[in-house]
Amino acid sequence: MTDQEKLIAKYGNPFEHKSEFEAKWMTVWNCQNEFPSLPFHRIYCHKNLVPELQKVFKALLEKNLLKEIKTFDGCFLPRYIRGYEAKKILSIHTWGCAVDFNAAENPLGGPVKFTELFLQVWRDLGWGVGKDFKRIDAMHFEKTNI
Ligand SMILES: [Zn+2]
């Protein structure tokens, strides 16, 4: 089973039933209340992603790496992966389980401006890191087993 198939089995298909999915699974996390140094206030994401983001931000803060996050560039967006529209492969953003940061300096395909220390914190907590994708997408972090 692909990650997408597992997410559809668990949470439904937001690409086809967006408002139902949003009402049931999405939430606004006021992340700046807990992490005042973040340069943005809130993330609209899957309810089950909040504790995962809390873990990763806490670990980044402890290692003085949270400051690498400069911009929040999106989370929930039901769509196909760019370039895979014909194959109809849904992006993990479809379920609000992926977040993009610092998009301006980490464009699709590279280069990568995040430090390896920063990226390793995400990997160690079980996140998929876009820098590791066959087509580098360094702004992108996803957690599919929520
Ligand atoms: Zn992304």
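Residues numbered from 1 in each chain as written. Predicted model: local features only at pLDDT ≥ 70, side-chain atom pairs only at ≥ 80, totals over all residues. Heavy atoms only, no water.

Participant: Would you mind going over the coordination of the zinc ion with me for this structure?
Facilitator: Reference values for angles at a metal are 109.5 degrees in the four-donor tetrahedral case and 90 or 180 degrees in the six-donor octahedral case. Bound to the zinc ion are the protein donor atoms H93 (NE2), D100 (OD) and H140 (ND1), situated 2.0 Å from the metal. Written as a sequence motif, the donor arrangement for the zinc ion is H-x6-D-x39-H. With H93 in the loop between α4 (50-62) and β3 (98-100) and H140 in strand β5 (residues 140-142), this pair connects stretches of sequence that are 47 residues apart. You'll find H93 and H140 in the same group, each marked buried. (Donors = N, O, S within 2.8 Å, 3.2 Å for Na, K, Ca; no water. Helix = DSSP H or I, 4+ residues; strand = E, 2+ residues; numbered from the N terminus. Buried < 20%, exposed > 50% of the residue type's maximum accessible area, 1.4 Å probe, protein only.)

Participant: Sorry if this is basic, but what is going on with the sheet that holds strand β4 (residues 128-129) here?
Facilitator: Two pairing modes exist for strands in a sheet, parallel and antiparallel, and in both the strands are linked by backbone hydrogen bonds. Pairing is antiparallel across the open sheet formed by three strands, whose spatial order is β3-β5-β4. One side of each edge strand has no neighbouring strand; the edge strands of this open sheet are β3 and β4. By the bridge criterion, three bridges tie β3 to β5 in an arrangement that is antiparallel. If you follow A98 over to β5, its bridge partner there is E142. (Pairing = 2+ DSSP bridges.)

Participant: I would appreciate a short explanation of the layout of surface pockets in the present structure.
Facilitator: Here the idea is plain: a probe the size of a water molecule rolls over the atoms and shows the empty space left. Volume-wise, the largest pocket comes out at about 450 Å³. Taken together, the elements giving at least two residues each to the lining of the largest pocket come down to α1 (3-11) and β5. (1 Å grid on protein atoms, 1.4 Å probe; cavity = no way out; pocket = protein on both sides within 12 Å on 5 of 7 lines; lining within 4 Å. Points joined across faces, edges and corners; volume = space filled by probe spheres on them.)

Participant: When you look at the nonpolar core in this model, what are you seeing that I'm missing?
Facilitator: Nonpolar side chains tend toward joint burial in soluble globular proteins. Membership of the largest hydrophobic core comes to 40 residues, with the highest contact counts inside it found for I43, L53, F57, V99, F101, W122 and F141. Residue assignment for this core shows that the elements contributing at least two residues are α1, β1 (26-29), β2 (43-46), α4, β3 and α5 (116-124). Considering every element that reaches this core, the biggest residue donor is α4, with six residues. Look past the residues within four positions of V99 in its chain and what remains in contact with it is I43, L49, L53, F72, G74, C75, H93, W122, W127, M139, H140 and F141. (Core = buried A, V, L, I, M, F, W, Y, C linked by side-chain atoms within 4.5 Å. Contact = heavy atoms within 4.5 Å.)

Participant: Explain the pattern of salt bridges to me, please; I cannot follow it from the model alone.
Facilitator: Any two side chains of opposite charge can pair, given that their charged atoms come close. Counted under the stated rule, the structure contains eight salt bridges. A salt bridge links E62 to K58, with the shortest nitrogen-to-oxygen separation between them at 3.3 Å. One end of the pair is E62 and the other is K58, both in helix α4 and four residues apart, which spans about a single turn. Exposure remark for E62: the relative accessible area of 61% places this residue in the exposed category. Note that E105 is salt-bridged to K70, the shortest N-O span being 3.3 Å. With E105 in the loop between β3 and α5 and K70 in the loop between α4 and β3, this pair connects stretches of sequence that are 35 residues apart. Judged by its relative accessible area of 46%, K70 falls in the partly exposed class. Here the salt bridges share partners, and the residues they tie into one network are E116, R123, K131 and D132. (Salt bridge = Lys/Arg side-chain N within 4 Å of Asp/Glu carboxyl O.)

Participant: I tried to follow the environment of D124 on my own but got confused; where do I start?
Facilitator: Its location among the elements puts D124 in helix α5. Distance in space between the C-alpha atoms of D124 and V56 is 9.2 Å, their sequence separation being 68 residues.

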